[in-house]
Amino acid sequence: MKTEKAVAISAPEFRGVRAAALKGFDLLYLGDEFCQNLLPARTDFGAAAEKFKGRVILVTPLLTDAVFDEMERVITSFSSAKNRLEVVVNDLGLLHTVKRRYALRVNVTLGRLFAHRVKVMPPGFAARFLKEHGVKRVELDDASLLSRFEGIKGLKFSFHSPFRYLSATRFCPWERHWPASCALSCLGKTQKLEHPRLPRPLLLKGQAYGLRTSGVPAHPALDRLVKESLPAAGRG
Amino acid sequence: MKTVVGVKTFAEAETMLRLGADELYGGLAAVPNHRLPAQSFQTLEELKAAVRLAKSGGKRFSFLLNQPCFGPKYGEVLDVVAALDQEGLGACIVRELPMFEKLTAMKLRAKLTVSSLALCFNLPAMRRFRQLGASRVVLPFQLTPEEAAPLLKNRLGLETEVFFHGDFCCVNVDPACRLWSLKRVIQTCRYTYSCRGGQWKMPEANAPEKMRSVYGFYHGGAGYLKMVRMENFKDEIEVFKFSRMLTELLKRGLGEQEFIRMGEKLYSTVSRHAWKKR
């Protein structure tokens, strides 16, 4: 089985990315799973679809109503029954909306935040829930979660590295305010946070705190690797 | 705005009702919920008594089911809910989708409230929860009043409840937070970290921002104001009184800036944070 290689880039980062940085990747994950200020507008998505030779996937976090409509516009503009758009979904409202309105033109992938909600469901309920919402793939960054989805037929997995998220905030740690205004101060930066009681440093990347990871688990249904950008820590 | 106050003993329930709480809520130590067992009722009998007490005064008592509990004890959890329903439980505060489905099937008299931990961030999510049987939504801590405006003004018939931001706000998206897994201890979010260039604390809203939230939710139309459960009941009483002071200010019809100025002053003089600093 061929393993697809994907690169995850936020929309503002993509605006300045060089073509060489995209070389060797089959897929482009455009957007962000943790911050709605890093999502692509239609113009961004269109530009990415032109610039990137492979398939572009829309990546979304929890969504407020302020950006919800624009995400729907991206979906309607760049999907059709013949050219289904893959969307990484972390929000129940979007998941439900896709099921109701766009089931025939969207391939739903469950995002890393939502995966934690599904992993705790009774297995039978989880399988039915994923089937009803057309979820074919789950994004993971923690190998221990693979076993939590065992037994759900037909499900594929993507694995993100070298950053594993542990927490996400909506109070911007870079600019210290709620997310309504944003100067994109997080772009191109990672902050390393150390504490003597913690075994490893925490990393702050965008609106997510997490850990640097190494290694990718082997699993028959894991057929996609997603490279997260992780600028040298501490240069924030 | 009506007040919804967390309690963990019958005596606390009596006290809070006497102080004027409009509604109560609480968990049971044996049923997983989003606080430590010590912050919940220790016995079902005492919890039942608190439910009856609230009901006898025409007040609603809500039971917390805001943590996954689908393991071997799932049946016992549902038995607890059924027993409380018999006593006149007002509502269950629910986080997980399978639990909504199960409780709806049980045809309880108690209503269903969407926990803040269910992350209802937008109207389509709210619509989905209404379909699942919810009649009230507790908005996630991490939504600002401006972002929550469509939810507060929803025409779906759902009531809205907000946490009292004037005291505390968890800025990390709590149900998605697994910082505890680092050391199996909670509140690593409170550590002072070292980083290049100095020290780092995970930032949270400052006093003016907290007051702006209180003002925005009040004028945005939130129906219920919720106080978090605390281990120290004296602290909880202080927070309740502080919320009352701010509500009185709001009732006077102050403008936003004036309210923020006065609220900040109270925050730094009479709130529990001010007392602790001293």
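Placed above this text is the structure.
A.B. asks: I tried to follow the overall build of chain B on my own but got confused; where do I start?
C.D. replies: Scanning chain B from terminus to terminus reveals 10 helices and 10 strands. Taken over C-alpha atoms, the radius of gyration comes to 19 Å for chain B, in line with the 19 Å a tight globule of 278 residues would show. The principal-axis extent of the C-alpha atoms belonging to chain B is close to 50 × 45 × 40 Å. Taken over 278 residues, chain B has a buried fraction of 58%. Across chain B, the fraction of contacts at a sequence separation of at least 24, relative to all contacts at a separation of at least 6, is 66%. Surface summary for chain B: the accessible area is close to 11,600 Å², and the carbon and sulfur share equals 51%. On chain B, the mean spot of the 42 positive side-chain charges and the mean spot of the 28 negative ones are 2 Å from each other.

A.B. asks: Would you mind going over the pairing of strand β4 (residues 91-94) of chain B with me for this structure?
C.D. replies: A regular strand places its side chains on the two faces of the sheet in alternate fashion. Residues and elements named next belong to chain B. The alternating pattern of β4 places Ala91 and Ile93 on one face and Cys92 and Val94 on the opposite face, and all of these are buried. Direction of pairing for strand β3 (residues 60-65) relative to β4: parallel, over a ladder of 4 bridges. Pairing of Leu65 across the sheet is with Val94, part of β4. Chirality of the crossover, the property in question, places the unit of β3, helix α3 (residues 74-87) and β4 among those that are right-handed.

A.B. asks: Teacher, can you tell me more about the sheet that holds strand β3 (residues 55-59) of chain A here?
C.D. replies: Note: strands within a sheet are paired through backbone hydrogen bonds, in either parallel or antiparallel orientation. All names here are of chain A. Ordered in space as β1-β2-β3-β4-β5-β6-β7-β12, the 8 strands form a closed barrel in which the pairing is parallel. On average, each strand axis in the sheet is inclined to that of its neighbour by 30 degrees, with strand direction left out of account. Relative to strand β7 (residues 156-161), strand β6 (residues 135-140) runs parallel, the two being bridged by 4 bridges. Note that in β7 the partner of Glu139 across the bridge is Ser158. Of the strands in this sheet, β2 (27-31), β3 and β4 (85-89) touch helix α2 (residues 42-51), which is tilted by about 155 degrees from β3.

A.B. asks: Teacher, can you tell me more about the pattern of salt bridges here?
C.D. replies: Opposite charge on two side chains lets them pair, provided their charged atoms get close. What the rule picks out here adds up to 34 salt bridges over all chains. For Glu4 of chain A, the salt bridge goes to Arg55 of chain A, with nearest N and O atoms at 3.9 Å. Residue Glu4 of chain A is located in strand β1 (residues 4-9), and its partner Arg55 of chain A is located in strand β3; the two are separated by 51 residues in the primary sequence. Put simply, Asp44 of chain A and Arg15 of chain A hold a salt bridge, and the shortest N to O gap is 2.9 Å. With Asp44 of chain A in helix α2 and Arg15 of chain A in helix α1 (residues 11-15), this pair connects stretches of sequence that are 29 residues apart. Through salt bridges with shared partners, a single ionic network connects Glu23, Arg60, Arg136, Glu159, Glu161 and Lys226 of chain B.

A.B. asks: Teacher, can you tell me more about the interface of chain A and chain B here?
C.D. replies: Counting residues at the interface gives 50 residues for chain A, matched by 49 residues for chain B. Counting the surface lost from both chain A and chain B, the interface buries some 4,500 Å², and carbon and sulfur atoms represent 62% of this. If you sort the residues of chain A by the area they bury against chain B, Asp65, Leu166 and Trp178 of chain A come out on top, with a joint share of 14%. Applying the counting rule to chain A against chain B returns 3 salt bridges. Here Asp142 of chain A makes a salt bridge to Arg178 of chain B, at a shortest N to O gap of 3.9 Å. On inspection of chain A and its partner chain B, the count reaches 16 residue pairs in polar contact (both at pLDDT 80 or more). Only α3 (65-77), α4 (92-101), α5 (112-119), α6 (123-132), β8 (163-168), β9 (191-193), β10 (202-205) and β11 (208-212) of chain A provide two or more residues apiece to the side of chain A that touches chain B. Class assignment of the residues belonging to the side of chain A that touches chain B gives a composition of 25 nonpolar, 12 polar and 13 charged.

A.B. asks: Even after reading the chapter, I still don't get the state of the cysteines, so can you show me in this structure?
C.D. replies: What is meant by a disulfide is a covalent connection between two cysteines, made through their sulfur atoms. Inspection of the entire model under this criterion finds 0 disulfides over all chains. Note on Cys120 of chain B: no disulfide assigned, nearest cysteine sulfur contributed by Cys169 of chain B at a separation of 17 Å.

A.B. asks: Please explain the sheet that holds β8 of chain A as it appears in this structure.
C.D. replies: Residues and elements named next belong to chain A. Taken together, the 4 strands give an open sheet; going across it, the order is β8-β11-β10-β9, and neighbouring strands pair in antiparallel fashion. Here the strands that pair on one side only, and so sit at the sheet edges, are β8 and β9. Across this sheet, the average inter-strand angle for adjacent strands is 35 degrees, counted without regard to direction. Across 3 bridges, β9 lies against β10 in antiparallel orientation.

A.B. asks: Is there a simple way to think about the packing of α6 of chain A against helix α4 (residues 97-105) of chain B in this case?
C.D. replies: Contact geometry for α6 of chain A and α4 of chain B: axes closest at 10 Å, N-to-C directions at 105 degrees. Taken together, the axes of α6 of chain A and α4 of chain B lie roughly perpendicular to each other. Contacts from Phe125, Arg128 and Phe129 of chain A of α6 of chain A reach α4 of chain B at Leu97, Pro98 and Glu101 of chain B. Residue composition of the contact of α6 of chain A with α4 of chain B, by class: 4 nonpolar, no polar and 2 charged.

Cut-off values and rules
- Residues numbered from 1 in each chain as written.
- Chains lettered and ligands numbered in written order.
- Predicted model: local features only at pLDDT ≥ 70, side-chain atom pairs only at ≥ 80, totals over all residues.
- Heavy atoms only, no water.
- Helix = DSSP H or I, 4+ residues; strand = E, 2+ residues; numbered from the N terminus.
- Rg over C-alpha atoms; globule rule 2.2 N^0.38 Å.
- Buried < 20%, exposed > 50% of the residue type's maximum accessible area, 1.4 Å probe, protein only.
- Contact = heavy atoms within 4.5 Å.
- Areas by Shrake-Rupley, 256 points an atom, 1.4 Å probe, with all protein chains shown as cover.
- Lys, Arg positive; Asp, Glu negative; His and termini not counted.
- Charge placed at Lys NZ, Arg CZ, Asp CG, Glu CD.
- Pairing = 2+ DSSP bridges.
- Right-handed = clockwise from strand over helix to strand, strands pointing away.
- Axes fitted to C-alpha atoms, helices over the stretch in contact; angles between N-to-C directions.
- Salt bridge = Lys/Arg side-chain N within 4 Å of Asp/Glu carboxyl O.
- Buried area = accessible area lost by both parts, 1.4 Å probe.
- Polar contact = N/O pair within 3.5 Å; in protein donor to acceptor, adjacent residues only side chain to side chain.
- Nonpolar A, V, L, I, M, F, W, Y, C, P; charged D, E, K, R; others polar.
- Disulfide = S-S within 2.5 Å.
- Parallel < 35°, antiparallel > 145°, perpendicular 65-115°, else oblique.

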